[in-house]
Amino acid sequence: MRDARRVVALTGSGISAESGVPTFREAQTGLWARYDPQDLATPEAFARDPRLVWEWYGWRRELVAAAEPNAGHRALVELERRAKAFVLITQNVDGLHQRAGNREVVELHGNIRRTRCSGEGVIVDDHEQGDGPPRCAGCGAYLRPDVVWFGEMLPAEAMRHASRSAQSCDLFLSIGTSSLVYPAAGLAHEALENDATVVEIIPGETTLTAHVAYRVPGAAGEVLPELVT
Ligand code: BV8
């Protein structure tokens, strides 16, 4: 990694697992065990049952608020400091990379700590806490988490920046992601098509594994500090 000139890291929920934030497809605990996150993280679910979806995000927000960045997050802060050029792209919505100290984080799927009006799209910082989603004081539409749901477009500028970075890097790290969700999962293939070395850091195999130069099996919090220092 020392002589890589342009490094890109793409992270998924696996990097936050050691901070106590359940990975996206891991069996959810307690009340939420019987729900498939993929069914809840959709505009249709929110339209059908806004209170259920709002409460699911409230539960996740509490988990995120109680979480601390782990050694994996901190290793990427060190990598940003050391690498000649470094771009951190995340699918995660927990804001832990920013809390660890990364200065520039490309958030492809939004951020659970932000709330926006589902009508006007503006970010709403303060709203009353009640059961079920509050309504926008301006237009009366429900407020919603500022995340990208399945079936929704990713933020155009973030995706453009991510794709350009993947196409021009010489080292692409895929960290803690099952590489199932598109278009984010396509970034590693864009790096491969441009002759970058792709390294996957993940405990098990994924659909990407067969295509990468190296897979480093293990937890991000253990592997990354070794790789970066
Ligand atoms: C879109 C926010 C236009 C919400 C999320 C082709 C092109 C474009 C779209 C599609 C396509 N094919 C299908 C689609 C539709 C869909 C999609 O990809 N579906 C998949 C499931 C097939 N994509 C979309 O809808 C996207 N929108 O493209 O719009 C469009 C729409 C429809 C049709 C065509 C075009 C929007 C996708 C964004 C959805 N929102 N999150 C929220 O969080 O509530 S995605 C969600 O999944 C999270 O953000 C999460 O980060 C992301 C990816 O999951 P992972 O992070 O990989 O998590 P997972 O649990 O799967 O894996 C974790 C891994 O970590 C595991 O392998 C585990 O072993 C490992 N691990 C565990 N512990 C550790 C570890 N690794 C390291 N260290 C550890 N300690």
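Since the structure is predicted, the reported quantities are computational estimates derived from the model, not experimental observations.

**Quick notes on the packing of aromatic side chains**
Moving on, step 1. Overall, the coordinates contain 5 aromatic pairs when judged by the stated rule.
Moving on, step 2. Pairing Phe24 with Phe150 gives two aromatic rings, centres 6.1 Å apart and planes at 45°, and the pair type is tilted. Note that Phe24 is positioned in the loop between β1 (6-11) and α1 (37-40) and Phe150 in the loop between β5 (143-147) and α6 (156-168), a separation of 126 residues in sequence.
Moving on, step 3. A residue is classified by how much of its surface remains accessible, and Phe24, at 21% relative accessible area, is partly exposed.
Moving on, step 4. A centroid spacing of 6.2 Å and a plane angle of 45° characterise the contact between Tyr57 and Trp149, whose relative ring orientation is tilted. Here Trp149 lies in the loop between β5 and α6 and Tyr57 lies in helix α3 (residues 50-66), a separation of 92 residues in the sequence. Each member of the pair, Tyr57 as well as Trp149, carries the same accessibility label: buried.
Moving on, step 5. Feature note: the residues Phe46, Trp56, Tyr57, Tyr142 and Trp149 constitute an aromatic cluster, connected by ring pairs.

**Comments concerning the UniProt feature "active site" (unreviewed entry) in the chain**
Moving on, step 1. Feature annotation in UniProt assigns "active site" (unreviewed entry) to the following positions: His109.
Moving on, step 2. Here His109 lies in the loop between β3 (105-107) and β4 (110-117).
Moving on, step 3. The residues contacting His109, other than those within four sequence positions of it, are Thr90, Gln91, Val93, Asp146, Val147, Val148, Leu154, Val181 and Ala184.
Moving on, step 4. Within the local environment of His109, its side chain forms a polar contact with the backbone oxygen of Gln91, the two atoms lying 3.1 Å apart.

**Observations regarding the site of the ligand**
Moving on, step 1. The local shell around the ligand holds 35 residues, among which Arg25, Tyr57, Arg60, Glu152 and Ser178 are the closest.
Moving on, step 2. One of the side-chain nitrogen or oxygen atoms of Glu18 is found 2.8 Å away from a nitrogen atom of the ligand.
Moving on, step 3. Arg60 is positioned such that a nitrogen or oxygen atom in its side chain is 2.6 Å from an oxygen atom of the ligand.
Moving on, step 4. With the chains in place, 75% of the 1400 Å² that the ligand exposes on its own is no longer accessible.
Moving on, step 5. Here the residues of the shell around the ligand are counted per class, giving 19 nonpolar, 12 polar and 4 charged.

**Quick word on the packing of α6 against helix α7 (residues 186-193)**
Moving on, step 1. Close contact between α6 and α7 brings their axes to 7 Å; oriented N to C, the two are set at 35°. Only Leu187, Glu190 and Ala191 of α7 make contact with α6, whose side of the interface consists of Met159, Ala162, Ser163, Ala166 and Gln167.
Moving on, step 2. A class-by-class count of the residues in the contact of α6 with α7 yields 5 nonpolar, 2 polar and 1 charged.

**What about α6?**
The periodicity of an α-helix, 3.6 residues per turn, causes residues three or four positions apart to be oriented the same way.
Moving on, step 1. In a regular helix each residue adds 1.5 Å, so 13 residues correspond to 18 Å; α6 covers 18 Å between its end C-alpha atoms and thus fits that length.
Moving on, step 2. Taken residue by residue, α6 has Ala158, Met159, Ala162, Ser163, Ser165 and Ala166 as its buried positions. The buried residues of α6 occupy an angular sector of 165° when projected down its axis, which confines them to one face.
Moving on, step 3. Against the buried residues of α6 lie β1, β2 (85-90), β3, β6 (171-175) and α7.

**Some details on the state of the cysteines**
Moving on, step 1. Per the counting criterion, the structure on display carries 0 disulfides.
Moving on, step 2. Free cysteine Cys117: the closest other cysteine sulfur is in Cys139, separated by 3.5 Å.

**Re the pattern of salt bridges**
Close approach of charged atoms allows side chains of opposite charge to pair.
Moving on, step 1. Summed over all chains, the structure comprises 11 salt bridges.
Moving on, step 2. With a shortest N-O distance of 2.5 Å, Arg82 and Glu78 are connected by a salt bridge. Pair noted here: Arg82 and Glu78 are both in helix α4 (residues 71-82), with a separation of 4 residues, about one helical turn.
Moving on, step 3. Arg114 is paired through a salt bridge with Asp146; the nearest N and O atoms lie 2.7 Å apart. Remark: Asp146 occurs in strand β5 and Arg114 occurs in strand β4; sequence separation between them is 32 residues.
Moving on, step 4. When salt bridges that share partners are traced, they join Glu107, Arg114, Arg116 and Asp146 into one network.

**Thoughts on the UniProt feature "binding site: substrate" (unreviewed entry) in the chain**
Moving on, step 1. Taking the numbering used here, the UniProt-annotated feature "binding site: substrate" (unreviewed entry) corresponds to Tyr57 and Arg60.
Moving on, step 2. Overall, the relative accessible area of 2% leaves Tyr57 in the buried class.
Moving on, step 3. The residue Arg60 is located in helix α3 in this model.
Moving on, step 4. Arg60 has contacts with Phe24, Val93 and Ile112, leaving out every residue within four places of it along the chain.

Conventions adopted
Residues numbered from 1 in each chain as written. Predicted model: local features only at pLDDT ≥ 70, side-chain atom pairs only at ≥ 80, totals over all residues. Heavy atoms only, no water. Phe/Tyr/Trp six-rings, centres within 6.5 Å; stacked < 30°, edge-to-face > 60°. Helix = DSSP H or I, 4+ residues; strand = E, 2+ residues; numbered from the N terminus. Buried < 20%, exposed > 50% of the residue type's maximum accessible area, 1.4 Å probe, protein only. UniProt positions renumbered as here; feature names shortened; annotations may be inferred. Contact = heavy atoms within 4.5 Å. Polar contact = N/O pair within 3.5 Å; in protein donor to acceptor, adjacent residues only side chain to side chain. Near = heavy atom within 4 Å. Areas by Shrake-Rupley, 256 points an atom, 1.4 Å probe, with all protein chains shown as cover. Nonpolar A, V, L, I, M, F, W, Y, C, P; charged D, E, K, R; others polar. Axes fitted to C-alpha atoms, helices over the stretch in contact; angles between N-to-C directions. Expected span 1.5 Å × (residues − 1). Arc of directions from axis to C-beta. Disulfide = S-S within 2.5 Å. Salt bridge = Lys/Arg side-chain N within 4 Å of Asp/Glu carboxyl O.

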